[in-house]
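Fold and geometry: a report
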Amino acid sequence: MNIPNYITTFRLFLTAIFIGAVTIQQPWADLAALVSFSIAAATDWADGYYARKYNLVTSLGKLLDPLADKVLVAAGFVYLTAVGYCPVWATCVIIGREFMVTGLRQIAVEQGQVIAADRLGKWKTGFQLCFIITCLTWISFQHLDKENPLVSFFLTLGERDSYLMVISFWGTMALTIISGWNYLWNGRSLLKG
């Protein structure tokens, strides 16, 4: 285990904390969910950065990193669907795309090929994390004193009709579909066998 793999493992641990916090359904737990999810999202950037910068890419990291990403994002969208912030169809599209890409990568491995993550996939993840954090911000801050300017600012960002919420949601959906199609198109030769 190296530093990037420890960071990835920490992301899985933070995801477990997030899941535990959202099941408690208390105002303090909402804030704990926001903080744990936000830190986990930041570690997604950190582990990749250290792995590439210091040439610490490992087979374990190649397995754990996308797994940790998928578990974190799936947990976020399932929770948001449960509390009415994300339509069921959107969560199904997001999780279905992840299963499809994972399956395609498995087929590629069996045929001795590697399908690397592309830029669209990275943008897709960024939009997904932005949408989830925006929703969690609203959920967390709605219990606080709305007269406080900082609380009011965060509530404005997290409103359902705010530009950030709308852009991050539809950006997520567009990039999820487009990047999924891109993987499928680029891997079409793998599906012919």
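Up top is the structure.
Residues numbered from 1 in each chain as written. Predicted model: local features only at pLDDT ≥ 70, side-chain atom pairs only at ≥ 80, totals over all residues. Heavy atoms only, no water.

**Considerations on the pattern of salt bridges**
Per the counting criterion, the structure on display carries 7 salt bridges. Between R97 and E98 there is a salt bridge, with the nearest N and O atoms lying 3.3 Å from each other. As far as burial versus exposure is concerned, R97 and E98 are alike and both buried. Among the ionic pairs, E98 bridges to K124, the shortest N-O distance being 2.8 Å. Taken together, the residues E98 in helix α4 (residues 88-110) and K124 in helix α5 (residues 119-141) connect sequence positions 26 residues apart. On the accessibility criterion, E98 (10% relative accessible area) is buried. Note on K124: relative accessible area 4%, which makes it buried. Among the charged side chains, a network of salt bridges with common partners joins R11, D44, D47, D65 and D69. (Salt bridge = Lys/Arg side-chain N within 4 Å of Asp/Glu carboxyl O. Buried < 20%, exposed > 50% of the residue type's maximum accessible area, 1.4 Å probe, protein only. Helix = DSSP H or I, 4+ residues; strand = E, 2+ residues; numbered from the N terminus.)

**Structural notes on the packing of helix α2 (residues 27-53) against α5**
Between α2 and α5, the least distance of the axes is 9 Å, while the angle of their chain directions is 160 degrees. Classified by the angle their axes make, α2 and α5 are roughly antiparallel. Between α2 and α5 lies a crossing whose hand is left-handed. Within the contact between the two elements, α2 uses D30, L31, A33, L34, F37, S38, A41 and D44 and α5 uses T125, L129, I132, I133, L136, T137, I139, S140 and F141. (Axes fitted to C-alpha atoms, helices over the stretch in contact; angles between N-to-C directions. Parallel < 35°, antiparallel > 145°, perpendicular 65-115°, else oblique. Left-handed = near helix turned anticlockwise from the far one by under 90°. Contact = heavy atoms within 4.5 Å.)

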